[in-house]
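Overview (structure and organization)
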Amino acid sequence: MKSDTFIVHAGRHPADYHGVVNPPVYRCSTVLYPTVQALEESDHHRFDRMTYGRYGTPTTFALEEAVAELEGGFRSIATSSGLGAITGALSAFVRTGDHVLMSDAVYFPTRRFCDTVLKAQGIETTYYDPLIGSGIEALMRPTTRVVMVESPSSLTFEVQDIPVLAAAAKRHGAVVLMDNTWATPVFFKPFTKGVDVSIHAATKYIGGHSDVMLGLITTTEEHYLTVKTHISTWGFCAGSEEVWLALRGLRTLAVRLRQHQETGILLANWLRNRPEVAQILHPALREDPGHALWYRDFTGACGLFGVILHPYRKEAVDAFLEALELFALGYSWGGYESLILPTARGIIRTATSWQPAGPSLRIHAGLETPEDLIADLEQAFIHLREKA
Ligand SMILES: *Cc1c(COP(=O)(O)O)cnc(C)c1O
């Protein structure tokens, strides 16, 4: 079966719900047992059953089952946010004295977690060049427990050589965690590339409508209980409404992504021929430095990409951003609407330097008609040039 078919059929058990296509929202804390024996046999230390609301409901299990199948992992675990999925998964594998290798282009809140919480626990993080490839070998220590990758990175869009990084991690007994939010479970299959734990901000494309905060962790069979037990021990769980919305969003993920991809590539190609633009950061474009790896390992691109302008003054860039009518200013992405974001303040590097030729922006191509989006950019560029 291919992704589109999994997306429609995975995790569905209509017979359990009177034949209804979708499971209801189970609002649940307490689960009742008919007898003392049933209560005693329920084994509430097994966190993967219907024993108590915190460990999941049939709605949660339906989402987790569907995502695990789609991604090709063993099982998934829903958490309260994408960041919660990252911090929960990372901390499941490290103890005082351990060492983490982290991409220098990682999502900033992941870096903050390493530099504060993990550091305070005596866990050291070394940031590596996302393009290091086999050079990662030289950074491995006997204490390295985790190699974390994020590809492409969500502000600067470097594509990492995941099979090479994963092979090095395996040789040294480290687990590979991936933030796979950009590609979604549709466009990158992490478990065929050596990843052990794949993490999604389901807040983005899986939810797909800018109204959900949710994380998902998918693991191999080997690591499932480690992560599930850790998450459950901390008391992390996902809300009932959120898992239901994410399950609903998931059913249209593939078809939405095709349009996000098409519009994103169209906008990127249009922008790259504009006199105001110095560079496009989009791995699906042939001239992008990450194109070869993206082409080898991914089956598509989402609607998120970067734009570097020529060196315009801040006033001119601000005028451009505020003149846009269809592209809204906002963090996050993956919803149906187009967004734009100046990114310079969010790009923090310690192992590498990132020096764009001019102001850097990130665009999320939404589901509007592409011609309207282009017309909007075109009129806003007039304001950029006027203030130049
Ligand atoms: C948004 C995002 C996250 C965090 O997800 P939240 O649900 O907002 O906590 C993690 N990684 C990437 C790449 C993201 O874009």
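One can find the structure itself at the top, above this paragraph.
This text gives an overview of the structure that appears in the document. The numbering scheme is per chain: residues are counted from 1 as the chain's sequence reads. The predicted nature of this model means local features are confined to residues of pLDDT at least 70 and side-chain atom pairs, given and counted, to a pLDDT of 80 or more, with totals for whole chains, interfaces and linings taken over all residues. Note that the side-chain values use all heavy atoms of the structure and ignore hydrogens as well as water.

Looking at the sheet that holds strand β10 (residues 328-329)
Taken together, the 5 strands give an open sheet; going across it, the order is β8-β9-β12-β11-β10, and neighbouring strands pair in mixed fashion. Lying at the two open borders of the sheet, with one neighbouring strand each, are β8 (277-281) and β10. For two strands to be treated as a pair, DSSP must find at least two bridges joining them. Working definition: helices are DSSP H or I runs of at least four residues, strands are E runs of at least two. Numbering for both runs from the N terminus. Alignment of β8 against strand β9 (residues 304-309), held across 4 bridges, turns out to be antiparallel. Note that in β9 the partner of Leu281 across the bridge is Gly306.

Some thoughts on the side chain of Asp376
Along the chain, Asp376 falls in helix α13 (residues 370-386). No salt bridge is formed by the buried Asp376; the nearest opposite charge belongs to Arg274, separated by 12 Å. At a separation of 2.6 Å, a polar atom in the side chain of Asp376 contacts the main-chain amide nitrogen of Leu326. Among residues more than four places away in sequence, those in contact with Asp376 are Ala323, Leu324, Glu325, Leu326 and Phe327. Accessible area is worked out with a 1.4 Å probe on protein chains only. A residue is then buried under 20% of its type maximum, exposed over 50%, and partly exposed in between. Note on charges: Lys and Arg go in the positive column, Asp and Glu in the negative column, and His and the chain ends are not counted at all. Here, a salt bridge means any side-chain nitrogen of Lys or Arg that lies within 4 Å of a carboxyl oxygen of Asp or Glu. Each polar contact in these results corresponds to two N or O atoms within 3.5 Å; when the atoms are within protein, one needs to be able to donate a hydrogen and the other to accept it, and residues that are neighboring in sequence are counted only if both atoms are side-chain atoms. By definition in these notes, contact holds between two residues if any of their heavy atoms fall within 4.5 Å.

Considering the side chain of Thr126
Structurally, the position occupied by Thr126 is in strand β3 (residues 124-128). Among the polar contacts made by the side chain of Thr126, one reaches the side chain of Arg141 at a distance of 3.5 Å. Those residues in contact with Thr126 that sit more than four places away from it in its chain are His99, Val100, Leu101, Met102 and Arg141.

Some words on the site of the ligand
Gly82, Leu83, Asp179, Thr203 and Lys204 are the nearest of the 13 residues found near the ligand. The separation between an oxygen atom of the ligand and a polar side-chain atom of Lys204 is 2.6 Å. With residues, only the protein chains shown are counted as cover, and all accessible areas are computed by Shrake-Rupley using a 1.4 Å probe. For the ligand, whose free accessible area comes to 380 Å², the fraction covered by protein is 92%. Among the elements that take part in the shell around the ligand, helix α4 (residues 82-93) stands out by supplying 3 residues, more than any other. Three categories are distinguished: nonpolar for Ala, Val, Leu, Ile, Met, Phe, Trp, Tyr, Cys and Pro, charged for Asp, Glu, Lys and Arg, and polar for the others, with Gly belonging to the last. For the shell around the ligand, a count of residues per class yields 6 nonpolar, 4 polar and 3 charged. Here a residue is near a molecule or strand as soon as one of its heavy atoms is found within 4 Å of it.

Overview of the sheet that holds β3
Sheet architecture is open: 7 strands sit in the order β1-β7-β6-β5-β4-β2-β3, paired in mixed fashion. Looking at which strands have only one partner, the edges of the open sheet turn out to be β1 (75-79) and β3. Adjacent strand axes in the sheet meet at a mean angle of 20°, parallel and antiparallel pairs treated alike. Across 4 bridges, the pairing between strand β2 (residues 99-103) and strand β4 (residues 144-150) is parallel. What sits directly across from Leu101, in β4, is Val147. As a rule, the C-alpha atoms of each element are fitted with a line to give its axis, helices using only the stretch in contact, and angles between N-to-C directions run from 0 to 180 degrees. Against the sheet, α4 makes contact with β1, β2, β4, β5 (175-179), β6 (197-201) and β7 (215-219), and its axis sits at roughly 160° relative to β6, the strand it touches most. Against the sheet, helix α5 (residues 108-120) touches β2, β3 and β4, its axis set at about 150° to β3.

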